[in-house]
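Remarks on the overall topology
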Amino acid sequence: MKTLEKKKWEEGAILARVPERGLVVMVLLFALGGTAWAAPLSEGDIVRIWRNNGAVQGVQEFHFGVVDWPNRVVAVEGRGPVPWSTEPNARLLARRHAVADAQRRLLYLLYELRYGLPRGIDSIAVEGHVVMGHIYQEGQDEQGYWVDVELPLQRFLEECVIWKARAK
(Lines give C-alpha, C1' and ligand atoms only; values in the text may rest on other atoms or scores of the structure.)
Protein backbone atom coordinates (compact mmCIF):
# COMPACT_ATOMS: atom_id res chain seq x y z
CA MET A 1 0.00 0.00 0.00
CA LYS A 2 1.34 3.42 -0.83
CA THR A 3 2.23 5.68 2.07
CA LEU A 4 -0.42 8.30 1.25
CA GLU A 5 -3.16 5.64 0.89
CA LYS A 6 -2.07 4.01 4.14
CA LYS A 7 -2.22 7.34 5.97
CA LYS A 8 -5.75 8.05 4.63
CA TRP A 9 -6.88 4.57 5.68
CA GLU A 10 -5.46 5.00 9.19
CA GLU A 11 -7.10 8.40 9.56
CA GLY A 12 -10.48 6.93 8.59
CA ALA A 13 -10.23 3.89 10.83
CA ILE A 14 -12.37 3.96 13.94
CA LEU A 15 -9.67 2.55 16.17
CA ALA A 16 -7.26 5.27 15.04
CA ARG A 17 -9.69 7.91 16.36
CA VAL A 18 -9.97 6.42 19.85
CA PRO A 19 -7.06 6.79 22.25
CA GLU A 20 -5.63 3.48 23.45
CA ARG A 21 -6.82 3.93 27.06
CA GLY A 22 -10.31 4.87 25.85
CA LEU A 23 -10.46 1.73 23.78
CA VAL A 24 -9.54 -0.44 26.76
CA VAL A 25 -12.20 1.25 28.90
CA MET A 26 -14.85 0.75 26.20
CA VAL A 27 -13.99 -2.94 25.84
CA LEU A 28 -14.11 -3.48 29.61
CA LEU A 29 -17.44 -1.68 29.95
CA PHE A 30 -18.92 -3.72 27.13
CA ALA A 31 -17.61 -7.01 28.52
CA LEU A 32 -18.66 -6.35 32.10
CA GLY A 33 -21.97 -4.78 31.15
CA GLY A 34 -22.92 -7.76 28.99
CA THR A 35 -22.68 -10.18 31.89
CA ALA A 36 -24.96 -8.07 34.08
CA TRP A 37 -27.86 -8.28 31.60
CA ALA A 38 -28.30 -12.06 31.76
CA ALA A 39 -29.79 -12.89 35.14
CA PRO A 40 -29.79 -16.55 36.18
CA LEU A 41 -33.13 -18.30 36.59
CA SER A 42 -34.35 -18.69 40.13
CA GLU A 43 -35.93 -21.83 41.51
CA GLY A 44 -39.28 -20.03 41.31
CA ASP A 45 -38.79 -19.44 37.58
CA ILE A 46 -38.11 -23.13 36.97
CA VAL A 47 -41.14 -24.12 39.08
CA ARG A 48 -43.30 -21.69 37.05
CA ILE A 49 -42.11 -23.27 33.79
CA TRP A 50 -42.80 -26.72 35.27
CA ARG A 51 -46.36 -25.68 36.25
CA ASN A 52 -46.98 -24.11 32.83
CA ASN A 53 -46.11 -27.47 31.27
CA GLY A 54 -48.56 -29.52 33.34
CA ALA A 55 -46.67 -29.99 36.62
CA VAL A 56 -45.82 -33.60 35.74
CA GLN A 57 -44.01 -35.45 38.52
CA GLY A 58 -40.87 -37.20 37.28
CA VAL A 59 -39.95 -37.48 33.63
CA GLN A 60 -42.12 -35.64 31.10
CA GLU A 61 -42.09 -36.53 27.41
CA PHE A 62 -42.50 -33.74 24.90
CA HIS A 63 -42.77 -33.93 21.14
CA PHE A 64 -39.11 -32.97 20.63
CA GLY A 65 -37.45 -34.41 23.75
CA VAL A 66 -37.71 -35.35 27.41
CA VAL A 67 -37.41 -33.30 30.60
CA ASP A 68 -36.47 -35.00 33.87
CA TRP A 69 -37.90 -32.44 36.31
CA PRO A 70 -36.57 -33.91 39.61
CA ASN A 71 -33.01 -34.28 38.26
CA ARG A 72 -33.25 -31.04 36.21
CA VAL A 73 -32.02 -32.61 32.95
CA VAL A 74 -33.18 -32.20 29.34
CA ALA A 75 -32.56 -35.03 26.82
CA VAL A 76 -33.05 -35.28 23.06
CA GLU A 77 -32.13 -37.74 20.35
CA GLY A 78 -30.60 -36.80 17.04
CA ARG A 79 -30.55 -39.02 13.96
CA GLY A 80 -28.52 -38.95 10.78
CA PRO A 81 -28.84 -41.22 7.77
CA VAL A 82 -25.80 -43.26 6.87
CA PRO A 83 -25.26 -43.00 3.12
CA TRP A 84 -24.86 -46.24 1.21
CA SER A 85 -21.26 -45.55 0.47
CA THR A 86 -17.95 -47.20 1.06
CA GLU A 87 -16.20 -43.90 1.68
CA PRO A 88 -14.46 -43.77 5.07
CA ASN A 89 -16.02 -40.43 5.98
CA ALA A 90 -19.65 -41.60 5.47
CA ARG A 91 -20.04 -42.56 9.14
CA LEU A 92 -18.51 -39.25 10.28
CA LEU A 93 -20.91 -37.29 8.06
CA ALA A 94 -23.83 -39.28 9.49
CA ARG A 95 -22.64 -38.49 13.03
CA ARG A 96 -22.36 -34.79 12.19
CA HIS A 97 -25.90 -34.88 10.79
CA ALA A 98 -27.15 -36.58 13.97
CA VAL A 99 -25.49 -33.94 16.18
CA ALA A 100 -27.03 -31.14 14.07
CA ASP A 101 -30.42 -32.86 14.36
CA ALA A 102 -30.00 -33.02 18.16
CA GLN A 103 -29.23 -29.29 18.24
CA ARG A 104 -32.35 -28.60 16.14
CA ARG A 105 -34.45 -30.71 18.50
CA LEU A 106 -33.03 -28.84 21.52
CA LEU A 107 -34.11 -25.56 19.96
CA TYR A 108 -37.58 -26.92 19.18
CA LEU A 109 -37.86 -28.33 22.71
CA LEU A 110 -37.03 -24.88 24.09
CA TYR A 111 -39.86 -23.44 21.99
CA GLU A 112 -42.19 -26.19 23.21
CA LEU A 113 -41.29 -25.57 26.87
CA ARG A 114 -41.64 -21.81 26.65
CA TYR A 115 -44.69 -21.45 24.38
CA GLY A 116 -46.25 -24.89 23.93
CA LEU A 117 -47.25 -26.42 20.63
CA PRO A 118 -50.66 -25.44 19.28
CA ARG A 119 -53.01 -28.24 18.26
CA GLY A 120 -53.18 -28.99 14.58
CA ILE A 121 -49.72 -27.61 13.91
CA ASP A 122 -48.43 -28.43 10.44
CA SER A 123 -44.93 -27.05 10.67
CA ILE A 124 -42.71 -24.96 12.88
CA ALA A 125 -39.68 -22.86 11.97
CA VAL A 126 -37.43 -21.72 14.80
CA GLU A 127 -34.17 -19.79 14.62
CA GLY A 128 -31.88 -19.35 17.59
CA HIS A 129 -28.80 -20.44 19.46
CA VAL A 130 -28.45 -23.62 21.47
CA VAL A 131 -25.73 -24.84 23.75
CA MET A 132 -24.64 -28.33 22.82
CA GLY A 133 -25.05 -30.72 25.68
CA HIS A 134 -23.18 -33.87 26.58
CA ILE A 135 -23.45 -36.81 24.16
CA TYR A 136 -23.95 -39.67 26.58
CA GLN A 137 -24.77 -42.40 24.03
CA GLU A 138 -24.26 -42.84 20.32
CA GLY A 139 -24.39 -45.63 17.82
CA GLN A 140 -25.59 -46.94 14.51
CA ASP A 141 -28.63 -49.05 13.68
CA GLU A 142 -30.74 -49.92 10.62
CA GLN A 143 -32.19 -46.38 10.39
CA GLY A 144 -28.86 -44.60 10.61
CA TYR A 145 -26.55 -42.98 13.15
CA TRP A 146 -28.02 -41.69 16.42
CA VAL A 147 -26.83 -39.60 19.35
CA ASP A 148 -28.49 -39.06 22.73
CA VAL A 149 -27.74 -35.65 24.19
CA GLU A 150 -28.44 -34.36 27.68
CA LEU A 151 -28.13 -30.87 29.10
CA PRO A 152 -28.78 -29.46 32.58
CA LEU A 153 -32.23 -27.83 32.62
CA GLN A 154 -31.06 -24.54 34.12
CA ARG A 155 -28.26 -24.15 31.58
CA PHE A 156 -30.70 -25.09 28.80
CA LEU A 157 -33.21 -22.42 29.84
CA GLU A 158 -30.61 -19.72 30.51
CA GLU A 159 -28.15 -20.11 27.63
CA CYS A 160 -30.32 -21.26 24.72
CA VAL A 161 -32.09 -18.44 22.90
CA ILE A 162 -34.90 -18.27 20.35
CA TRP A 163 -34.44 -15.39 17.93
CA LYS A 164 -37.38 -15.97 15.65
CA ALA A 165 -40.18 -18.55 15.46
CA ARG A 166 -43.10 -19.23 13.17
CA ALA A 167 -45.71 -21.99 13.58
CA LYS A 168 -48.23 -22.88 10.88
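Residues numbered from 1 in each chain as written. Predicted model: local features only at pLDDT ≥ 70, side-chain atom pairs only at ≥ 80, totals over all residues. Heavy atoms only, no water.

**Considerations on the pairing of strand 6 (residues 144-152)**
Most of strand 6 sits inside the fold, with seven of its nine residues counted as buried. Pairing analysis gives eight bridges linking strand 3 (residues 73-80) to strand 6, with the strands arranged antiparallel. Looking across to strand 6, one finds that R79 is bridged to W146. Bridge count for strand 5 (residues 134-141) against strand 6 is seven bridges, and the pairing is antiparallel. Note on strand 6: the bridge partner recorded for G139 is W146. Two successive antiparallel strands, strand 5 and strand 6, enclose a turn made up of two residues. (Buried < 20%, exposed > 50% of the residue type's maximum accessible area, 1.4 Å probe, protein only. Helix = DSSP H or I, 4+ residues; strand = E, 2+ residues; numbered from the N terminus. Pairing = 2+ DSSP bridges.)

**Focus on unusual backbone geometry**
Leave glycine aside and you will find that most residues have negative phi; peptide bonds, for their part, are mostly trans. Even without glycine at this site, A55 takes up a positive phi of about 50 degrees. Tracing the backbone shows A55 in the loop between helix 4 (43-52) and strand 1 (59-61). You can call A55 partly exposed: its relative accessible area is 31%.

Worth remembering: the numbers are spatial, not functional.
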